[in-house]
Structure formats: structure tokens, C-alpha cells
Amino acid sequence: MPELPEVETVKRGLAPTFEGATIVTVDQNRPDLRFAFPDQFVDRLTGAEVRALSRRSKYLLADTNRGDVLVMHLGMSGSFRIENDNSQEAPGAFAHKKSKDSKHDHVVFHLKTRSNGKARIIYNDPRRFGFMDLIPRPKLAEHAYFRELGLEPLGNDLSGETLAKLFEGRKSPLKAALLNQKLIAGLGNIYVCEALWRTGLSPRRAAGTLVTKTGKPSKKAEDLAANIRATLQDAIKAGGSSLRDHTQADGTLGYFQHSFAVYDREGDACRTQGCSGTIERIVQSNRSTFYCPNCQS
């Protein structure tokens, strides 16, 4: 599945074309993706203006002037590409080229851009694990997709104090707590491994140990909050993790995968200065965890 930096990168690639554009028409080339398209999907979008494009967790959200929000999820292999009279672009940054096979072009948005040009945004998804939905804006926060999502890790809400409140009394492993979408929305396996390494924290450590007896954040909690934001921001700047199936809107390949310190580096020497440890792989909740047992405690 895409992680937050991939979705944020795609959002930033789509925004200059999508925001302010009028959807002239929509080609819906099949009745469903992971789920069925909502009733009157094409009719509800035809003629609508996209007021803003945003992200919540791993969802892309396009607000329209009709009060509906177009909710889009990339699934495992979904990607967008932008076509106009002069060029083609594909928002994302990923190691493997995205499909441009037209048989997997399931949705095409034909746009009149805010500069009165013409463009097409095409959603391609060979595995069809992505989906699209339309939800009235007033009902969005309480919709099943969103009502239990935790805080956004890129905003000011994430701090050592916040982590202390979320983790107090929790005996679950730190990595599991960080991946709990009801606590923090959008964090994924790759960047949690990287943030824990930057902070020198073991993924096996009980989450509650980051909280003092008085309920205050420890120094490690403060450091972890800062390192989560820094890791995500570095990945966004680089264009995503460049793993497998997610493509950036301009078609360029990212490079953050090549700067992973621990993820997918089992057997490599730890990059922490002065550490003589070796990166190990363990399995937690059926997912691979990479860390250095020598300097992460």
C-alpha cells in the first residue's frame, strides 16, 4: 500500500492541474474498482469545479463547488497521469514504471483548467485495489473511512506531549502503537522503521516506556515526534519511497529509497556513527521490521 509521503507527493503533483479546474466530463470505464462507484458518479461530477485538493491520511480529497468531496485511494497499484496537448506527466516517485496500458485506465477526468486550457487526469490501476467515492463535505469527518483516524503526523499536533498522551499505559510494542491508525493516521511500515532508527528506539520496546511516571513525555518521546516529521518530510522532498507501484505526477523517480538507513537492509552495517551493529529483520504483526539491536533500545 502507498505510505503517506507517496500520497502527499501525488497530491502535490496533481494540484496545479486539478485545483480550480472544471470537470467537463468523466469517463467511467467499469462499474467498480475495489468497491462499486457511487450512484450517479459521472453526473455528480460533470460540470463541477474542483475547489481544493487535500490529503487525509492516505486518502486524496477533491472538494467541489457542489459540496461533494471526491475521495480517492490508490490501493496497491493505482496511479494518476496528466495529459494535455503538449505532454504527459505521472505524479509520484517510484522505482518501477507505472502502467500506461489503456485497458487499466478506469477513470478519465476531462478538465477545463483555470487558465482555460484542456487537460485529462487519468486513473490507471491494474490490480484495482484503489477506489473512489463521493461524500458530502458535512458528512466527511463522520464517514466510516475517516471517523476513527488519528492525528496527522505532519502537523503541529504531533509532539512529545501528544505521544505521551497516546502511549501512556500502553504495553504494546512501540512499532505497533505507531502503526495504529486510530492514534496516528498515515504512518506506515517503512517510515516507522526509519524514524525509530533515527531516535535510537527499539521497535520491540513497550510504547508506554516513553512516558514518565508523572505522565510527561520523556526526551526520547520528544525526539521521536521530531524524527517522525523529519523522516516524512525528507521522503516527500525526495518524492516518496520509490517502492514498486506508485507513480508521481511528473513521472520522475524519487531517490529516498536509496537513503533508507534500515528498511530492507538486513545484514548491512548500521549507519549510526560509532555503532558496530548490524541491521536485523524481525517480524511483528506479520510485517517485516528492520532495526539495529545494538543502538536501538
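Further up the page is the structure itself.
Everything quoted here is computed from the prediction, not taken from an experiment.

Q: Quick one: what's the story with the overall build of the chain, residue by residue and with numbers?
A: The helix and strand tally for the chain stands at six helices and eleven strands. Scored against the burial criterion, the 297 residues of the chain give a buried share of 54%. Of the contacts made within the chain by residues no fewer than 6 positions apart, 67% connect residues no fewer than 24 positions apart.

Q: Tell me about the sheet that holds strand E4 (residues 68-73), and name the residues and values.
A: Strands sit in the order E2-E3-E4-E9 across an open sheet of four strands; the sheet is antiparallel. Two strands close off the open sheet at either side, each with one partner strand: strand E2 (50-56) and strand E9 (131-136). Taken over all neighbouring pairs, the strand axes of this sheet differ in orientation by 20° on average, direction set aside. Pairing between E4 and E9: six bridges, direction antiparallel. Bridge pairing links Val71 to Asp133 in E9. Against the sheet, helix H1 (residues 4-18) makes contact with E2, strand E3 (59-64) and E4, and its axis sits at roughly 175° relative to E2, the strand it touches most.

Q: Got a sec to walk through the packing of helix H3 (residues 160-167) against helix H6 (residues 219-238)? Specific residues and values, please.
A: Interhelical geometry of H3 versus H6 gives an angle of 110° and a closest axis separation of 8 Å. One element, H3, and the other, H6, form an angle in the roughly perpendicular class. Regarding H3 and H6, the two cross each other, and that crossing is right-handed. On H6, the residues touching Gly160, Glu161 and Leu163 of H3 are Ala221, Glu222, Leu224 and Ala225. Considered class by class, the residues forming the contact of H3 with H6 number four nonpolar, one polar and two charged.

Q: Any details on the side chain of Gln296? Residues and values, ideally.
A: Mapped onto the elements of the fold, Gln296 is located in the segment after strand E11 (287-291). Since its relative accessible area comes to 3%, Gln296 is described here as buried. At 2.7 Å, the side chain of Gln296 and the backbone oxygen of Leu201 are in polar contact. A polar atom in the side chain of Gln296 sits 2.8 Å from the backbone nitrogen of Cys292. Setting aside chain neighbours within four positions, we find Gln296 in contact with Leu196, Trp197, Gly200, Leu201, Ser202, Pro203, Val262 and Tyr291.

Q: Can you explain the pairing of E4? Please cite residues and give values.
A: With six of six residues buried, E4 is to be regarded as a mostly interior element. Side chains Asp68, Leu70 and Met72 project from E4 onto one buried face, and the interleaved Val69, Val71 and His73 project onto a second face that is buried too. Relative to E4, E3 runs antiparallel, the two being bridged by four bridges. Looking at the pairing, Leu60 lines up with Met72 of E4. Hairpin connection from E3 to E4: three residues lie between these consecutive antiparallel strands, with Gly67 at a positive phi of about 90°.

Here is what the cut-offs are and how they apply
- Residues numbered from 1 in each chain as written.
- Predicted model: local features only at pLDDT ≥ 70, side-chain atom pairs only at ≥ 80, totals over all residues.
- Heavy atoms only, no water.
- Helix = DSSP H or I, 4+ residues; strand = E, 2+ residues; numbered from the N terminus.
- Buried < 20%, exposed > 50% of the residue type's maximum accessible area, 1.4 Å probe, protein only.
- Contact = heavy atoms within 4.5 Å.
- Pairing = 2+ DSSP bridges.
- Axes fitted to C-alpha atoms, helices over the stretch in contact; angles between N-to-C directions.
- Parallel < 35°, antiparallel > 145°, perpendicular 65-115°, else oblique.
- Left-handed = near helix turned anticlockwise from the far one by under 90°.
- Nonpolar A, V, L, I, M, F, W, Y, C, P; charged D, E, K, R; others polar.
- Polar contact = N/O pair within 3.5 Å; in protein donor to acceptor, adjacent residues only side chain to side chain.

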